[in-house]
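Per-entry structural report
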Amino acid sequence: MSGFKTLFLTISKWLGLFYISRRLTRRGVRILCYHAFSTDGDECDFRPKLFMRCSTFQKRLQALHSAGYPVITLDAALQGLENGNLPACATVITIDDGFPSVYRCAGEALPRYKYPATVYVTSYYSVKQNPVFRLLVQYLLWKTSVTTVAVPESLRPLRGTFSLGSKQEKSDAADEIIRVGQEQCSEEQRLSLLQGLARLLEVDLGRILTERVFHVMNREELLAAAAKGLDVQLHTHRHRFPEESGAAAREIIDNRAVLEPIAAKPLRHFCYPSGVWSKNHWPVLAREGIRSATTSAPGLNFPGAAPYGLLRMLDSEDVTQIEFEAEMAGFAELLRRIRGKSRAPSA
Ligand SMILES: [Zn+2]
């Protein structure tokens, strides 16, 4: 964040504008969104929007606690949005994807404050127990200091020579490898492709694989997370939600088939993968008995909000504490409205 923005927010807070905003927006439900956590790795540098230091997450929970934001369940928030009966500045914590670090970090930290949270789990990699292919390819390319790589015969169907001298070249190479892996390889081939690439790119995957940094929680971890009070919910099976209604429904059905036996209850809350959503999806959600769907669009949710277009605050390692406070206070939302950037979907 720029020094100017920090100064602006700090002065605004000092002038009492956060206090006033919090009062003005008290009927708005704050839905926080997290992804994965890290204790000692470099994944926060790789993807600061995806990985948050566990210590930063603990600071956020402490800040919510000190400022007295009531953290409630997603179910309670939805009920309140329907009947208008909500505590002031009601807050919901959601965590996307289901990385094992959720269990390790959030699973430890949340019970200390007795805060409930919803974890949206994408199930394909939970079943396969291989690292998320796309993410690990991007990590390998980000991490490597090799500047050119000629793909050997053994890594077919991938072929060619990749220049990796610049960020753009690395990003293009990652896109091409992901395309070939997804279109032309089986899951087993993708795994050997990852191992071959790691050797070629001279990246040691020891910790990444042993700590399962880019994996998704397995059945036992999900059961343990649920036992700790984390509410396991839907996020599609393959982390995609096609426009075509049959294929979209299939994603929810396959996701449920894995998660409902673990959660031991009907799952009715959904999170759009990669924040891609449209109103065209809403009939599919209704047919599948979905009660709520969260997006990645920023904002607060006021009574009467469209339950399939819930807005969230994406918190991450590159959000500073004062920015977090500005979001929670509703000050950031008021600024977006003044600038005409608020995009609350209508019901
Ligand atoms: Zn996701």
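For the structure given in this document, a descriptive report is provided here. (Residues numbered from 1 in each chain as written. Predicted model: local features only at pLDDT ≥ 70, side-chain atom pairs only at ≥ 80, totals over all residues. Heavy atoms only, no water.)

In this section: the pattern of salt bridges. By the definition in use, this model includes 29 salt bridges. For the salt bridge of Glu251 with Arg240, the shortest nitrogen-to-oxygen distance reads 3.5 Å. Linking Glu251 in helix H13 (residues 245-263) with Arg240 in the loop between strand S8 (230-234) and H13, this pair joins segments that are 11 residues apart in sequence. One salt-bridge network, in which partners are shared between bridges, spans Asp42, Glu43, Lys143, Arg207 and Glu211. (Salt bridge = Lys/Arg side-chain N within 4 Å of Asp/Glu carboxyl O. Helix = DSSP H or I, 4+ residues; strand = E, 2+ residues; numbered from the N terminus.)

Let's shift gears to the coordination of the zinc ion. The zinc ion binds to the protein through Asp97 (OD), His235 (NE2) and His239 (NE2); the donor distances cover 2.0 to 2.1 Å. Here the donor residues of the zinc ion are spaced in sequence according to D-x137-H-x3-H. Highlighted residues: Asp97 in strand S4 (residues 91-97) and His235 in the loop between S8 and H13, separated in sequence by 138 residues. By the burial criterion, Asp97 is buried, and His235 matches it. (Donors = N, O, S within 2.8 Å, 3.2 Å for Na, K, Ca; no water. Buried < 20%, exposed > 50% of the residue type's maximum accessible area, 1.4 Å probe, protein only.)

Turning next to the pairing of strand S1 (residues 30-34). Of all the five residues making up S1, five are buried; the element is thus mostly covered by neighbouring parts of the structure. The alternating pattern of S1 places Arg30, Leu32 and Tyr34 on one face and Ile31 and Cys33 on the opposite face, and all of these are buried. Here S1 runs beside S4; their pairing, made up of five bridges, is parallel. When the bridges of S4 are listed, Cys33 appears paired with Thr94. As defined by bridge partners, S1 adjoins strand S11 (residues 313-314) across two bridges and the pair is classed as parallel. Bridge assignment links Cys33 to a residue of S11, and that residue is Leu314. (Pairing = 2+ DSSP bridges.)

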